[in-house]
Amino acid sequence: MRGSVAAVAAALLCQAVPLAGAAVRPLCGTGRNAGVCFASVDRNGRLSAAERAKLAAAAPVAVDIVSSRAFAAELAAFHAALPARWVKANRYWRGFDPVEATAAIQTAFAGLHIDTRGGAQAQRDARFGGNLAYEGSTDARTGERFILLNRYRLDRPAAGLVGTYVHEAAHKAGYSHRAGQSPDQKCEPPYVMAQLARKLADPESWPGYAAGKNACRFWRTMK
Ligand SMILES: [Zn+2]
């Protein structure tokens, strides 16, 4: 009798493994993107439960949007509509391949930890530099990759967080933008792909967003 109880307990323990795995499923995409999963949110436990839930909820949205037909089509259309002379002089857009870029971002999403950064420097960066997040790096010891969201800029619409994940993952995928603040920085690939993800995450707020200074000026002249 005791033996069978132990067997049942062992069976329950075995079941606990997939259940524990199921707990991280919310960080994965859905449907055919179910295999693309962020690794974690807030490893250091610095966020409130509500903040953590909000950051986690944006993860599957980002995965699904970047792999959507709409994202690929709109990115290709944007690229094609860029002024030819401007592209020719721009090392980030010259030779840009929208299909390659979306695949690279999906690859960067997989296994990525969404951490946060606070402290005086992050506060200054948020206030004076408009910083939303940091690219983060790879843990030399574990090989784990992470991005750092600025804890002073978490009070944003979910679509904005989706854009931030795309922007930072684009960096992980090797896409860059000018270090200095040039008028066109918001038109470089990491920004444009983030803006497009934001558009698809919240189409209703897009016209207002596209008209503002955070969106690439070319969105306003294309159509
Ligand atoms: Zn950047």
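Our structure is the block above this text.
Computed from a prediction, not measured in an experiment: that's the story for all the values here. (Residues numbered from 1 in each chain as written. Predicted model: local features only at pLDDT ≥ 70, side-chain atom pairs only at ≥ 80, totals over all residues.)

Caption draft 1: Quick peek at the packing of helix α2 (residues 49-66) against helix α7 (residues 158-172). Where α2 meets α7, the axes come as close as 8 Å, and the angle between the chain directions of the two elements is 60°. Between α2 and α7, the angle falls in the class oblique. Like other packed secondary-structure pairs, α2 and α7 cross with a definite hand, here right-handed. Taking contact as the criterion, the partners of K54, L55, A57, A58, A59, V61, A62, I65 and V66 in α2 are, on α7, A158, L161, V162, Y165 and V166. Residue composition of the contact of α2 with α7, grouped by class: 13 nonpolar, no polar and one charged. (Axes fitted to C-alpha atoms, helices over the stretch in contact; angles between N-to-C directions. Helix = DSSP H or I, 4+ residues; strand = E, 2+ residues; numbered from the N terminus. Parallel < 35°, antiparallel > 145°, perpendicular 65-115°, else oblique. Left-handed = near helix turned anticlockwise from the far one by under 90°. Contact = placed C-beta atoms within 7 Å. Nonpolar A, V, L, I, M, F, W, Y, C, P; charged D, E, K, R; others polar.)

Caption draft 2: The nonpolar core, seen in detail. Counting 49 residues, the largest nonpolar core has A62, I105, V162, V166, M193 and A197 as the members making the most contacts within it. Of all the secondary-structure elements, those providing two or more residues to this core are α2, α3 (69-81), α5 (98-109), β4 (146-150), α7 and α8 (189-201). The residues touching V162, leaving out its near neighbours within four places in the chain, are A58, V61, A62, I65, A197, R198 and A201. (Core = buried A, V, L, I, M, F, W, Y, C linked by C-beta atoms within 7 Å. Buried ≥ 20, exposed ≤ 12 C-beta atoms within 10 Å, placed from the backbone.)

Caption draft 3: Expanded view of the sheet that holds strand β2 (residues 113-117). With mixed pairing, the four strands of this open sheet are ordered in space as β1-β2-β4-β3. Each having just a single partner strand, β1 (40-41) and β3 (133-134) make up the two edges of the open sheet. As defined by bridge partners, β1 adjoins β2 across two bridges and the pair is classed as parallel. From the neighbouring strand, S40 faces β2, where its bridge partner is H113. (Pairing = 2+ DSSP bridges.)

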